[in-house]
Every structure is written in structure tokens, then in C-alpha cells.
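A look at the structure
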Amino acid sequence: MTNNFALFGAKPIFDNPLSLGQFYFPSLERYEAAFQGIFERQYYNNNGPLLNELENKLQEFLGVKHAICVSNATLGMMMVADAMELYGKVVIPAINFVSTAQLLSWLGLKPVFCDIDLNTFQMDINQIDELIDKDVSAIIAANLWGGACNEKLISEFAESKRVQLCFDSAHAFGCRVNNLPIGNFGVAEVFSFNAKNILSAAEGGCICTNDDNIAARLKSIRPSYGVANTVSIVRVANARMSEAQAAIALMNLDDFSENQKQNQCLYQIYETNISTIPGLNIVKPSGVSFSNKQYVICIVDEALFGLSRDLLIEILKAENISIPSDFYALPYPSQTYDQELSRQMNSLPNTKSFFSTYIELPIGALVSTESVERICDLLNRVHQSSAEIYKRLEK
Amino acid sequence: MIKKIKVDDLAIFNGSCLFAIPKSTSNLLQPDFDKFMGYSKLFFDQNHNISDGYLVKLLEQRLAAFHQTDYCVTFCSGFWALAITMSALALKDKTEIVMPSLTYRRMPDIAAWTKLTPRFCEVESTTLAMSAATVRSCINDNTALILGVHPIVNCCDINGLLDLAKEKNIPLLFDSVESVYESTADGKVGSFGIAEAFSLHACKLLNGFGGGYITTNDASLAKQLVMMRGFGFIENANTEIVAGMSAELNEMHAAMALASLDDVEKQIERNRERYYTYKDLLSTVQGIQLVEFDERYCVGYKNIVAELLDDWPLSREDTISILNAENILVRSYYSPPLHSKSMLFPFVPAELPLTDSLAERFINFPCGHLVSNTDIADIVETLAFISINANIICERLHKNKVVQG
């Protein structure tokens, strides 16, 4: 039976690598019409009409006072940190994209990694307390996996400790907590409009805030053409979103509901099928009343599944299913944070456990229901043949 | 055009505006739409998804060939191309970056992101550019990097700076944002120093909506920059090895830049025509002198800069206000100079009297895709009109200011 697997020479179940990421993108016809408009207006960048339209629509969609679009989410978070005048140390979840730690380095700030809760796979509120000292100026919490961390508890905690709080909501566009859209919490929240996320501008990001002063500072830092600078800032970041990016984001915002439904449908197939495979458990989006369902994260229990996570990854890769995600980078060897991480890793047992047991499965525009069924069938076959695979690999 | 017959016709005195659509100093090149769509279709038709960088790679190959360099690395902006490259090149444990004061107003902000302290150098009055002589006095034991910046028209003393950098063993990065098409006796701009930085902003010679790029012949630097712009990941491995950032160019911007690059030779012809129209017409107006391109080698003819001479009858501030009111969006040339601005990050205070004086004398004139030769004739005619009527204009402006005050 093992001869049926690409790892042992069979034809992969997918001819081309199936990428991880959402990759929703308008049709060529809509793209052409949108860009025809840009060419007719001859307005390409510097807070153009499409950018203004996008920001207005995002404010309405999210029910937030200010939506400030930027060229990418990392620059957006750097701007937020500058606008909030962060200093010293900043607490961030140990599970997140490496950019959060990197951007703190650019700002001369030191990351302090917080462990996760193994029930929700979000930042663990109970762990933060011991990380706070007089040098900590803020917490950058993250809303992961189409779910959310416990905003209420973290907000109360931050207030009691008098540290500032903002959110990395890169993967949480469209999600709601108790029916209130993510984007309304903390001093500010940053969404990523990278193509891998549900609302794509091909590349881009958006900072949301209900704080007028922070908004004014952010607009000056971006900077914003034609907007009078009324507040003092340290430096600009040159992070404007172009009309091209705004055009794509506007079309994808129109399609949000449809795209979320496609995610929901694919997610449902994964959930139904994987629930029957021993040793595989889907991480359900926690803490939200509505999820964008842009991630399928699965925990591999080696004892029950029959194979380790790393072996499963090798099998999936051979079948042209691109795994793992490069989005959760802290487990990887990191020259920049090696010393800090190895020092802190001992106090991050849950993070350590997660990194050795999770896989991410494809979901989004490039994934059909049939593809998901084939992936689930493959996972089932791998489990059924796990003993045989293990033996063959041992030889 | 609405002719100015009497002073009351000037828009600043509530007359009709000369141009309904503003004429600016931004290039705003519009490449051929079909070419733009042709490139865009490559990521639609050939299964290149929007984030796999197919067009970015194509653009980098084309730009490297254009500048006759081994490598080109694109970025989301010229600003971050400079910041990341500064960060990569600055000598370890040194903190100062030498740059001219008479340059891009955001340059100190770029240095601030890299934790480098700007030390501002003087320029030469003949070129408006830094030279080996003006940089030499700024070099000290703490110099981490020299930023060789070309002025808006023509190039700085490239060889002088190269010799100085070599003598002092300090890395030299050129800011060549305004010199994309320029050549020298020693070759095209793009291959000098360790690296050169360019912009793909819509206001520059090559319109890529926004973006920037670095050219270099240094393989290891090119590799390092590719990693740094993409979160420090080594290609095809989930390993983060250098202080990374998110600064990649997107495919739509690459498509636009490619279409702009296809048009570059024709654009230079159009720019040359505009430049010669300005040159011919400005020569008839007393007190204003065009900064001429050095046409011994290839030049882009993009930017139009003129000096207000001592016999120009109005202050530069008044001249700019009058023209701006007509929707002639002239701008003062790099004014105020950087060393005189307040900064909330470390910088080395400097006294640069020549820069101070030059920063009061020059004006950038409208140029680029949206400015026709007829527009230029109208602009120069307006200049001549305000020159002839300077006394009465001055009187009314001052009177108005007193009344308003």
C-alpha cells in the first residue's frame, strides 16, 4: 500500500505545489476595468481617490473611527509602535510571524515572548503577569488562526499594569468578538492585506483606531499627502498604499462575504473528515463569534496518528502540498533572536509543544472542494498505513 | 489659457487661475495601458499567483541590464530600499552617516530608522552637490557610511567620492533617485560605489505606482538585501538569518514599472523637448537662469530647476505663492535645508552657510507627462508678466499682508 505515496515514488496527488494562503483576487476583467480607471484619472499614489474610498468603506465595514491603509502590515505596526511612543520592552506572543520581533528590533525595542494557552492556542493571559516589569511599555497581542485572544482579560490586565495595548490582527480581518468587529480593540489594531490573507491588496495593511490623537499621528507618520500635520511625530515611515493596492482591496472587500463562505465550506469538509482520523485535531477558531476561517491548523498526536508531525510533513510535501507555513517563524533557527529565544524557550513549554505538533493545511481561492477531499483522503490513508510507512522508512 | 493683462488678473489677487488642472513637479508618467495589462496578464495567464514574484524577478533582470549591473533588488519604496541598504552597509559600532543638507527632506528620517546619526555636509555652489572636498571634513572615527547623493540636475563628483571612500575605507552608497538615466565618462549611473538606490514612485522617471530598487555588482550584498526585504528568510528554507523587514515590491507595481521602462527612450525624447522649450523661453526672462544639464553624456532631462538671480525683482517666497495660485505648482529647491530643520532624533548640528544661501535661490518647475510645451510657454509668459509688474505686485502683496495681519 505504501507504494501509493509520492514519498515512495508514486505520482503526487497534485501536479503542482498547492500553496498555503488565501490568494483571493479579482477576475482579469474586473482588474482591467479598475486599472483603466486609474489610468484615466492619472492618480497613482499619495492618498488618491481609491485609497480614500477604501478607508471610508473599511471604517463602515468594521465600525471603527479611523482606518489608515499602509503599504504593508509590518510598516503599519512599526508606525503604531512609533505613534504609541513605545520604549524598553514589549510583550508579544511567542507564536506569531517573526516580523513582530523584527520590527521591534528596528525600533530599538526588546521583545519579551509570552507563552500560549494550549486550549485556545492564543496568547496565555496567565503567563503575562510574570513578564511585566518596569521596563515593559506595552503588549502587542495577536489574534491568530481566524480566532482571537482574550481581549477583555488582556485589556483589563494591561490597564491594571499601566502598560499600553495594541493588537496584531494580521489574520483576523472580518472576525468578530461578541459581534463587535476586530479592529475596535486596544489603542490600535493592524490588519495585513497580504495576498495570503482573506482581504488582499496583493500587499498592504490597515491600521484601525478609535483614538483621534493616535490617528492624527499615524497619518503624519505614513505620511498623508494633502493632510495638514497637526501633531508632532519623530519620523515618517513612507508607507503609503498606492491606488493599485487600494483597487485590489476594494474589489476583495466587495467579495469578502463570498470568499468567507468559500473558506467556511472548505473548512467544513476538513472538519468533517479529519474528525474521523485518530490523532489529528483541528484547532477551532476560539474567542470569536464570527471567523473568517482563513486558516486550517491541525495538531498531530503522534501516538494516536501513528507517525510524527515531521514525517507527515515529508509525506505531504512529496504530494505537492506545501507545508509547513513560513508564517510562524519563531521555531526556526533565528540568528537575531537565538540567544533571547533559547533563554526564554524554557519558559515557553506550550509554544515548544505547538511548534513540534502543528501542521497548516491549504484553504482559499486556489483550493477546490475536491482538493480538500483528496487531502483528507490522503491523511486518512497515511494514518491507515502509518505502521507500514514507519517500517519502510526505518529500513 | 487665460492671459494675464493686468495685475488683477493674477489668481493671487482673485483673478482666474491659469491652469484648471495643476501642473506639478511630479513626473506622473503614464505608460502604455496595453503594455501594463500585457505584463499583468503574466500573473493571470501563467498560473503565477500574485505573491510569487514572477514580475518582480523580470523587472529586476530588466533594471540590472538597463543600469549595466550584475544585480538589482527591488523594494516597496525608495525610502526602505535606502534604509535597508544603509543598515546592511553601515560599519559596525560606528554611528554617523554623512549626507548633504541640500537633499530629500525625508533623508534624516531614513537614517533615524537605521539608528544612524546624520552629519550634514556642504555642497559646491557650481553643482549644488556634495564633493570629496565637502565630505572629507565630515569624516571621523565614527563614520559608518557615506551617502553620495546626486542633485536634481546632473551628478555629484562620483570619482572624487569613490577615491575618498577608498582612502578612508568607508562604504559609499549612492542615492541616485534623480539620476536614473544619467551617464558619466566612466559608465552609467547604477554601478558606482557598493550600491546605488533608485525610486519607482509615480513622481519619478520610472512610474511603478511606488517602489524602489538597489543596483549593485556585489553578489553577497544582493543576496543579503533579498533576504532582508523578505523577513530575513533564506530562499526555500524556513530559516531567519538576518535582521529582516517586510519591504517587497508587489506584482502590480512591477507590471507598471516594466511598462514604464519599455517607454523610457521615448520619455527621454519628450523630456528633452520640454527642457529645450524651458531653456529657449527662460533665456528671454531677465533675472532667472535655468540649471542646465551636462549634455556631454546621457541625461534624463526630467527635472527643471532654475535660479532666481540677484536682479529677479521678487522674493522667492512671493514668486512661488503667485505661481502656485495659478496652479503652477513650482516648489522651492530642497528648502529649508536639512541641517536647519528640527529633528526629534540624534543628528550632528552643522553650520553650512553656502547651503543656507543656495537653499534660498532655486525653484523646481513643473515637468513630466502632464506638462505640454504650450503649458511651458504659458508658465514662462506668466513669469515674464510678474517680472514686468513686480513693483505693483509687491506693493499689493505687502498691503494685503498688512491688512490680513
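Predicted model, so just to flag it, every value in this text is computed and none were measured. (Residues numbered from 1 in each chain as written. Chains lettered and ligands numbered in written order. Predicted model: local features only at pLDDT ≥ 70, side-chain atom pairs only at ≥ 80, totals over all residues.)

Thoughts on the overall build of chain A
Put simply, the rule reads: A run of DSSP states H or I qualifies as a helix once it reaches four residues; a run of E qualifies as a strand once it reaches two. Both are numbered from the N-terminal end. For the radius of gyration, the atom set is restricted to C-alpha positions; the globular benchmark scales as 2.2 Å times the number of residues to the power 0.38. Residue burial here comes from a neighbour count, namely the number of other C-beta atoms, placed from the backbone, that lie within 10 Å of the residue's own C-beta, with 20 or more meaning buried, 12 or fewer meaning exposed, and in between meaning partly exposed. Here, residues touch in the contact sense if the C-beta positions derived from the backbone fall within 7 Å of one another.
Secondary structure summary: chain A contains 15 helices and twelve strands in total. The C-alpha atoms of chain A give a radius of gyration of 22 Å, which matches the 21 Å a tight globule of 395 residues would have. Taking the principal axes of its C-alpha atoms as reference, chain A extends roughly 70 × 55 × 40 Å. Counting the 395 residues in chain A, one finds 53% classified as buried. For chain A, the proportion of contacts with a sequence separation of at least 24, taken over those separated by at least 6, is 73%.

Considerations on the interface of chain A and chain B
By convention, interface size is frequently given as the accessible area that disappears when the constituent parts associate. Heads up, the condition is: Here the nonpolar group is Ala, Val, Leu, Ile, Met, Phe, Trp, Tyr, Cys and Pro; Asp, Glu, Lys and Arg are the charged ones; every other residue, Gly included, is treated as polar.
Counting residues at the interface gives 43 residues for chain A and 46 residues for chain B. Counting only elements with at least two residues in the side of chain A that touches chain B, the list comes to α1 (28–41), α3 (73–83), α4 (99–106) and α8 (243–254) of chain A. It is α1 of chain A that provides the largest number of residues to the side of chain A that touches chain B, a total of six residues. Its residues placed into classes, the side of chain A that touches chain B shows 19 nonpolar, 17 polar and seven charged.

Quick look at the domain arrangement of chain B
All names here are of chain B. Inclusion rule: Residue ranges assigned to each domain were obtained from an automatic or database domain assignment.
Considered domain by domain, chain B is made up of domain 1 (33–262) and domain 2 (264–404). A separation of 27 Å is found between the C-alpha centroids of domain 1 and domain 2. The interface is formed by 29 residues belonging to domain 1 together with 28 residues belonging to domain 2. Taken together, the elements giving at least two residues each to the side of domain 1 that touches domain 2 come down to α4 (107–113), β3 (117–121), β6 (183–184) and α8 (251–262). The element that contributes the greatest number of residues to the side of domain 1 that touches domain 2 is β3, accounting for four residues. A per-class count over the side of domain 1 that touches domain 2 returns 16 nonpolar, eight polar and five charged.

Description of the sheet that holds strand β12 (residues 358–361) of chain A
All names here are of chain A. As a reminder, the rule being used: At least two bridges found by DSSP between two strands are what make those strands a pair. Axes here refer to lines fitted to C-alpha atoms; in helices the fit is confined to the stretch in contact. Angles between the N-to-C directions go from 0 to 180 degrees.
If you walk across this open sheet you meet the three strands as β10-β11-β12, and the pairing is antiparallel. Edge strands, defined here as strands with exactly one partner in the open sheet, are β10 (280–282) and β12. With strand direction ignored, the average angle separating the axes of adjacent strands in the sheet is 30°. The pairing of strand β11 (residues 296–300) with β12 spans four bridges and is classified as antiparallel. In the strand pairing of β12, Cys298 is matched with Ile359.

A short note on the sheet that holds strand β12 (residues 331–332) of chain B
Residue and element names in this part refer to chain B. Strand order in the open sheet made by the four strands is β10-β11-β13-β12, with antiparallel pairing throughout. Looking at the sheet topology across the chains shown, the edges are occupied by β10 (288–290) and β12. One ladder, built from three bridges, connects β10 with strand β11 (residues 304–308); its direction is antiparallel. Each bridged residue has a counterpart across the sheet, and for Gln289 the counterpart in β11 is Glu307.

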